[in-house]
Amino acid sequence: MTVRVRRVYDPPEPDGGPRVLVDRLWPRGLKKEAAHVDEWPKALTPSTELRRWYHAGEGSFEEFARRYEAELTAPEAAEALDGVRERARAGTVTLLTAAKDVDHSHAAVLARLLGQG
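What comes next concerns the included structure. What you are looking at is a predicted structure, and each value in this text was computed from that prediction instead of being measured.

### Notes on the layout of surface pockets
Step number 1: Within this model, the largest pocket holds a volume of roughly 580 Å³.
Step number 2: In terms of lining residues, the largest pocket is bounded by 22 residues, among which Asp 23, Arg 51, His 55, Ala 98 and Ala 99 are the most central.
Step number 3: In terms of residue count, the dominant contributor to the lining of the largest pocket is helix H2 (residues 48-55) (three residues).
Step number 4: Across the lining of the largest pocket, the residue classes break down as nine nonpolar, six polar and seven charged.

### Here's the deal with the nonpolar core
Step number 1: In terms of nonpolar packing, the biggest core is built from 26 residues, with Leu 44, Phe 64, Tyr 68, Leu 72, Val 84, Leu 95 and Leu 110 touching the most fellow members.
Step number 2: Elements with a contribution of two residues or more to this core: H2, helix H3 (61-71), helix H4 (75-90), strand S3 (93-97) and helix H5 (106-116).
Step number 3: Sorting elements by how many residues they give to this core places H5 first, with six residues.
Step number 4: Beyond its immediate sequence surroundings of up to four residues, Leu 44 is in contact with Tyr 68, Leu 72, Ala 77, Ala 80, Leu 81, Val 84 and Leu 110.

What counts, and at which threshold
- Residues numbered from 1 in each chain as written.
- Predicted model: local features only at pLDDT ≥ 70, side-chain atom pairs only at ≥ 80, totals over all residues.
- Heavy atoms only, no water.
- 1 Å grid on protein atoms, 1.4 Å probe; cavity = no way out; pocket = protein on both sides within 12 Å on 5 of 7 lines; lining within 4 Å.
- Points joined across faces, edges and corners; volume = space filled by probe spheres on them.
- Helix = DSSP H or I, 4+ residues; strand = E, 2+ residues; numbered from the N terminus.
- Nonpolar A, V, L, I, M, F, W, Y, C, P; charged D, E, K, R; others polar.
- Core = buried A, V, L, I, M, F, W, Y, C linked by side-chain atoms within 4.5 Å.
- Buried < 20%, exposed > 50% of the residue type's maximum accessible area, 1.4 Å probe, protein only.
- Contact = heavy atoms within 4.5 Å.

Below is the structure:
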């Protein structure tokens, strides 16, 4: 099982597998055709409240990750997570985000969770 995290603005990699956008909002300035997104499961994205809290600098990445993981236990989010996990079991999956710091983003949290499954 291979899960990669890339910026949505990066071109697709030949061996990257399905490209799954994990942001709630469509990335600024990017046309849908140019993004090469195969799936956009909005149920996997952090809540607006959590996203705003984290981007306001009110908490640490570790606290954000803990809160986000709790959100992912909701039925719709858990179902979407299982769907991406099944794709990852079949081969490489690339999680896409517009975040500038992908290592400290919700996409990194998802990649870690998917790698544990």
